[in-house]
Amino acid sequence: MRFMPYIVHHVPLVVVAFALAVPIGSFVADPVQAALLTRTWNGADANWTVNAQWAPTGFPNNGTTNTFHAIISAGTPALNQNITLDQLTLNGGAIAGTQNLTVLNSTLWSGGELTGTGLTTLGGAATLNGDAKYLTNRRQVVSNGTTNFSGGDLYVNAPGDAGLAPTWTNNGTFNAIDEADIVLQDFGGTRPRFTNAATGIFNKSGVGTETYISTEFHNAGTVNVNSGILALVGGGTDNGSYTLSPLTELTFHGGDRMLTAASSISGTGNIGVYGGAVTINGALNMSGAAQLLAQGGSIDVNGTFTAPNTITVSGGGAIFNTAPFTMAGPVTLSSGSLGGSANMALNGGFDWSGGELTGTGTTTLSGTTTLNESEKYLTDRRQVVSNGTTTLSGGSLNMYAPGDDGLAPTWTNNGTFNATDEADIVLQDFGGSRPRFTNAATGIYNKSGVGTETYISTEFHNAGTVHINSGYLSLYDGADSGSYTLASSTELNFYGGDRTLSATSSISGTGNVGVYGGTVTVDGALNLSAAGQLLVQGGSLGINGSARTIAVPVTLSSGSLGGSANMALNGGFDWSGGELTGTGTTTLSGTTTLNESEKYLTDRRQVVSNGTTTLSGGSLNMYAPGDDGLAPTWTNNGTFNATDEADIVLQDFGGSRPRFTNAATGIYNKSGVGTETYISTVFHNAGKISVNSGRLNLAGQYTQTAGSLQLKGGAVTAGLPLDIQGGSLTGTGTITGDVASNGLISPGLSAGSLVIAGDLSVGPNSIFEFEIGGLTQGTQYDYVTEAGAAQLSLDGLLSLSLINGFIPSHAQSFAVLRSNTTLTGSFDNVASGNRLTTSDGSGSFRVRYGAGAPNTSRVTLSNFFLTGDFDQDNDVDGNDFLIWQRGGSPNGIHSSDLAFWKSQFGSVTALTAVIHTVPEPSSLVLVAGGMSSLILLRKRRLSE
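Since we're looking at a predicted model, the values are computed, not measured.

Observations regarding the overall build of the protein chain
Line of reasoning, step 1. Scanning the protein chain from N- to C-terminus turns up six helices and 101 strands.
Line of reasoning, step 2. At 57 Å, the protein chain has a C-alpha radius of gyration far larger than the 30 Å of a compact globule built from 944 residues.
Line of reasoning, step 3. For the protein chain, the C-alpha atoms occupy an extent of roughly 210 × 55 × 45 Å along the three principal directions.
Line of reasoning, step 4. Burial statistics for the protein chain: of 944 residues in total, 54% are counted as buried.
Line of reasoning, step 5. When contacts within the protein chain are restricted to residue pairs at least 6 apart in sequence, those whose partners lie at least 24 apart make up 36%.

Some remarks on the domain arrangement of the protein chain
One frequently used descriptor of interface size is the decrease in accessible area upon assembly of the parts.
Line of reasoning, step 1. Entries for the protein chain in the domain assignment read domain 1 (42–230), domain 2 (361–476) and domain 3 (875–908).
Line of reasoning, step 2. Each of domain 1 and domain 3 has a C-alpha centre, and the two are 154 Å apart.

Considering the environment of Q710
Line of reasoning, step 1. Within the secondary structure layout, Q710 lies in strand β83 (residues 708–712).
Line of reasoning, step 2. Expressed as a C-alpha distance, the spacing of Q710 and P747, which sit 37 residues apart in the sequence, is 9.1 Å.
Line of reasoning, step 3. Not counting residues up to four positions away in its chain, the partners in contact with Q710 are K688, I689, S690, V691, T730 and L749.

Some details on the sheet that holds strand β73 (residues 633–636)
Strand pairing within a sheet occurs via backbone hydrogen bonds; the two strands may be parallel or antiparallel.
Line of reasoning, step 1. Spatially, the eleven strands line up as an open sheet ordered β62-β64-β67-β70-β73-β76-β79-β82-β85-β87-β90, and their pairing is parallel. At either end of the open sheet lies a strand with only one pairing partner, and these are β62 (548–550) and β90 (760–762). This sheet shows a mean twist of 15° between the axes of neighbouring strands, independent of strand direction.
Line of reasoning, step 2. Both strand β79 (residues 682–685) and strand β82 (residues 702–704) contribute to a ladder of three bridges, which runs parallel. Residue pairing for β82: H684 is matched across the bridge by T703.

Some thoughts on the packing of aromatic side chains
Line of reasoning, step 1. This model, assessed by the stated rule, comprises 46 aromatic pairs.
Line of reasoning, step 2. With a centroid separation of 6.2 Å and 15° between ring planes, the pair formed by W168 and F194 is classed as stacked. Placement of the pair is W168 in strand β16 (residues 167–170) and F194 in strand β19 (residues 193–196), with a sequence separation of 26 residues.
Line of reasoning, step 3. The class for W168 is buried, based on a relative accessible area of 2%.
Line of reasoning, step 4. Aromatic pair F683 and Y702: ring centres 5.6 Å apart, planes at 35°, arrangement tilted. Residue F683 is located in strand β79, and its partner Y702 is located in strand β82; the two are separated by 19 residues in the primary sequence.

Comments concerning the side chain of N685
Line of reasoning, step 1. Among the secondary structure elements, N685 is positioned in strand β79.
Line of reasoning, step 2. Since its relative accessible area comes to 1%, N685 is described here as buried.
Line of reasoning, step 3. Polar side-chain contacts of N685 include one of 3.0 Å to the side chain of N662.
Line of reasoning, step 4. Leave out the neighbours within four places in its chain, and N685 touches N662, Y702, T703, Q704, T705, A706, S708 and L709.

Here's the deal with the pairing of strand β41 (residues 376–379)
Line of reasoning, step 1. Bridging between strand β38 (residues 355–357) and β41 involves three bridges; their strand directions are parallel. Looking at β41, one finds that L357 is bridged to L378.
Line of reasoning, step 2. Bridge count between β41 and strand β44 (residues 397–400): four bridges; the pairing is parallel. Within β44, the residue paired with Y377 across the bridge is N398.

Let's talk about unusual backbone geometry
Leaving glycine aside, a negative phi is the common case for residues, and trans is the common case for peptide bonds.
Line of reasoning, step 1. The linkage connecting A55 with the following residue, P56, adopts the cis geometry, with an omega of -10°.
Line of reasoning, step 2. Along the chain, the position of P56 falls in the loop between β3 (54–55) and β4 (66–72).
Line of reasoning, step 3. One non-glycine residue with positive phi stands out, namely N804, at about 60°.
Line of reasoning, step 4. Of note, N804 is situated in the loop between β94 (797–802) and β95 (814–818).
Line of reasoning, step 5. On the accessibility criterion, N804 (65% relative accessible area) is exposed.

So, the pattern of salt bridges
Line of reasoning, step 1. Using the criterion set out here, one finds five salt bridges in the structure.
Line of reasoning, step 2. A salt bridge links R499 to D480, with the nearest nitrogen and oxygen atoms 2.8 Å apart. A residue pair is termed long-range when its members are at least 10 positions apart, and R499 in strand β57 (residues 498–501) and D480 in strand β54 (residues 478–480) qualify at 19 residues.
Line of reasoning, step 3. Classification of R499 by relative accessible area gives buried; the value is 1%.
Line of reasoning, step 4. Two residues, R604 and D603, come together in a salt bridge whose shortest N-O distance is 2.7 Å. For the pair formed by R604 and D603, the shared burial category is buried.

Quick look at the pairing of strand β28 (residues 264–267)
Line of reasoning, step 1. Side chains I265 and G267 of β28 all project onto a buried face; the interleaved residues S264 and S266 project onto a face where none is buried.
Line of reasoning, step 2. Pairing geometry for strand β26 (residues 241–244) and β28, over four bridges, is parallel. Opposite T243, over in β28, you have S266 as the bridge partner.
Line of reasoning, step 3. Across four bridges, the pairing between β28 and strand β30 (residues 283–286) is parallel.

So, the packing of helix α4 (residues 878–885) against helix α5 (residues 895–904)
Line of reasoning, step 1. At a closest axis distance of 11 Å, the pairing of α4 and α5 adopts a crossing angle of 175°. Between α4 and α5, the angle is such that the two are roughly antiparallel. Across the interface between the two elements, G878, D880, F881 and W884 of α4 pack against D897, L898 and W901 of α5.
Line of reasoning, step 2. For the contact of α4 with α5, a count of residues per class yields four nonpolar, one polar and two charged.

So, α5
Line of reasoning, step 1. Every buried residue belonging to α5 is among D897, L898, W901 and Q904, and all of these are buried. One side of α5 carries all its buried residues, which in axial view fall inside an arc of 140°. Facing away from the buried side of α5 by over 90 degrees, the exposed positions are S895, K902 and S903.
Line of reasoning, step 2. Just downstream of α5 lies G906, where phi reads positive at about 95°.

Some words on the environment of G340
Line of reasoning, step 1. Positionally, G340 belongs in the loop between β35 (331–339) and β36 (344–346).
Line of reasoning, step 2. Along the backbone, G340 and V301 are 39 residues apart, and their C-alpha atoms lie at a distance of 8.7 Å.
Line of reasoning, step 3. Residues within four places of G340 in sequence aside, it is in contact with I319, F320, N321, T358, G359, T360, G361 and R382.

Concerning α4
Line of reasoning, step 1. Residues of α4 that are buried include every one of G878, D880, F881, L882 and W884, and no others.
Line of reasoning, step 2. Two or three places before N879, at the start of α4, stands the capping residue D877, its side-chain oxygen 3.2 Å from that residue's backbone nitrogen.
Line of reasoning, step 3. At the exit of α4 stands G887, carrying a positive phi of roughly 85°.

Comments concerning the environment of E771
Line of reasoning, step 1. Along the polypeptide, E771 turns up in strand β91 (residues 767–772).
Line of reasoning, step 2. In the structure, E771 is positioned 32 residues away from I803 in sequence and 6.3 Å away in space, judged by C-alpha atoms.
Line of reasoning, step 3. When near neighbours in sequence (up to four residues on either side) are disregarded, E771 contacts S750, A751, Q780, Y781, D782, S801 and I803.

With respect to the confidence of the model for the protein chain
Line of reasoning, step 1. Overall, the prediction assigns the protein chain a mean pLDDT of 89, with 91% of residues at 70 or greater.
Line of reasoning, step 2. Throughout residues 1–32 the model reports pLDDT below 50, and contacts reaching past four residues in sequence, or to other chains, amount to one contact.

Basis of the calculations
Residues numbered from 1 in each chain as written. Predicted model: local features only at pLDDT ≥ 70, side-chain atom pairs only at ≥ 80, totals over all residues. Heavy atoms only, no water. Helix = DSSP H or I, 4+ residues; strand = E, 2+ residues; numbered from the N terminus. Rg over C-alpha atoms; globule rule 2.2 N^0.38 Å. Buried < 20%, exposed > 50% of the residue type's maximum accessible area, 1.4 Å probe, protein only. Contact = heavy atoms within 4.5 Å. Domains from an automatic or database assignment. Pairing = 2+ DSSP bridges. Axes fitted to C-alpha atoms, helices over the stretch in contact; angles between N-to-C directions. Phe/Tyr/Trp six-rings, centres within 6.5 Å; stacked < 30°, edge-to-face > 60°. Polar contact = N/O pair within 3.5 Å; in protein donor to acceptor, adjacent residues only side chain to side chain. Salt bridge = Lys/Arg side-chain N within 4 Å of Asp/Glu carboxyl O. Parallel < 35°, antiparallel > 145°, perpendicular 65-115°, else oblique. Nonpolar A, V, L, I, M, F, W, Y, C, P; charged D, E, K, R; others polar. Arc of directions from axis to C-beta. pLDDT = per-residue confidence, 0-100.

Here it is in structure tokens:
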């Protein structure tokens, strides 16, 4: 103002008059150009307005006549008043203070620090390059022009936590053109932020370079990633747009980022999530060769979504709560999670080597799917449908549901599913509903990998085809209507839960089927052949429906084998424990072994053994659960060997009484020196029982209608009277117990001794058969003794025979039966004191027993005469012939008596031996004459 009078003084009046005549607005529109002055800070720490600190002297601040270019390379000028500059160069040092700084045109910031608490406004072009730059304290920067950020990082930090921090707000154009970053220096203060305002344009460029922004980054304007990588680390909120050019990347590395419904991300570049939580409620439209990568943190896409070419999740999570979308390119999941409520059609292939597939939507796999390497998790309510080829080759697939609302993750295979090694499908049980794997009607499930096992503990439902080409397939719960085909040396195993194979299902092939737990019900076909086996080592196997023939060996060591179907086990049966149950018939035509542990035959199961059965360890326990007249039975048509202490035991639960039947063709052998086989069930015998060694304890009801009970070195104990209704009781040994016989009792297998240590009773059809072959009781001639308290009442028939060429003498006697009390009753074919002819008719004994006999408790044979000794003088000679000729033989003049005389002629009974003498000549003449007379007599009668 002080220069104004001087100016007026020198201006001509004409000019003054002109000036007064010109309108004021016209004068302002054409001002005089102000001079640009440069001021350089001298490096001290002082207030901005200290003139002496600037060279030339005088602090820079735009006025009406001059504008300034301030250069600061060292020291700290503090803004103690608002300053306006035309240009600013900050190479080092710091600009501090509490007041505002406005740069109207260009700013060059190549180093140093912007700090303090005021506002810095960059109105024109700004260049950030060179060395590191620092924006600190609470300094606010607003850029309204074009800013080029091209070298040296910008470090931003707040020293405290008062809710204030340095910020940068871009209202113009901000170009990040190389590796320079905007870096958060974290000193525990409030988080600095970069805001691209509604009018702001943020451009990232620089092929192969990355701009890394670790402060908060808020975008309300436009972000263009033209080349290189824009990496956002510090979180933020976005209302604006991101546009990605080809081969570029927009990456998120930390913090929480919210892209509102008004936001958008579009283009052909890639998006990468490496940390933090990114929520996209706006549009995410990826096209061309774009890729979405999640390697940490999470990305939740909730708005409109156009799928990229590829999705790769190797950490964190990618969650899509959008409309259904289709992936034409490959999807990779190696760790982290991929899910959401959206339905996803992955047509370009799916490589799943780890991580989690989750959410409530459906994932449809129509390309090639590979599940390999690490553990994989299918969780929540995610439904997977595989229509292409899927290979599970490494690391288990774990499935679980977090709740118990009846929903759980499922996998439905409509294509081909290959399980190639030890990888399992595992139920992770967190109390939720049970996950399930379904091999649908068109599905083919292949198990391979020699010596490997695929273990599926989720539900497994098969309506298609399962091929076990090598290795083992182990299952839990499920229902099957499809087929299982087993190659040689493979196994199909059931370990738990409830599994039903319906009437349309089938199991076939040359491998093994094993039941180790749970309940398996087979209503369909079960056709195993060649080297296969059926093993029940726990749980329950029930076979229902039509009769089945199982040609392979069957093993039952624990659990149960049953059902309603008739089963023909033709390949052998190894039963070492467990239960044979149900209502059908099991026919054993091969070799059967019952050994080791306790075994149970229950319900109404009928067993028919046609081959060789060996009971060698652990008892066979039989019981029926009800009282409906039905009970388990065992019918032996083959050979049944009881070799040691193993018993056949009635387990009495109030039901009908089980029964063991040794049928007409059956052979039951008891062996094992010093051992006892205890049979408390009903025992029916129509075949052959041989007690070769040890003891057979018939504790239950024993009934014999035919066949034989033979003691051949062993002993028999009877809990109830042995009911011999038919057949024979033979052999040498002791029966401890009572015997009721209406059949044949024949001691020895030649001559022998049969001891009945109990009461003996006989019926009208009974037969006592004794063989006489010498003078020693029990070894050369048969002997029966009974030691009961009740009187023995004789009945039936007595049969005698001579053996070993022995002919007793008239003076010899034989006690063949002894009782503890006086015998009562009588034999039907010989009264006491009468003679009884031997079975071959060669001789006769006087039989004495009971009252009137020398010994009333014995049956004694004595006074033996040869049948041809008609005069009973202890020899057979011509005199006996004359007696026959005169009709004095037992049957008169009959050819049968003559035949005996002829066969015995010359025989003499002695006291201790049989003596054969040479006939005298006179006797021979007499016989010849008699024979001639007989011939003439017969001819005369014929002629009459």
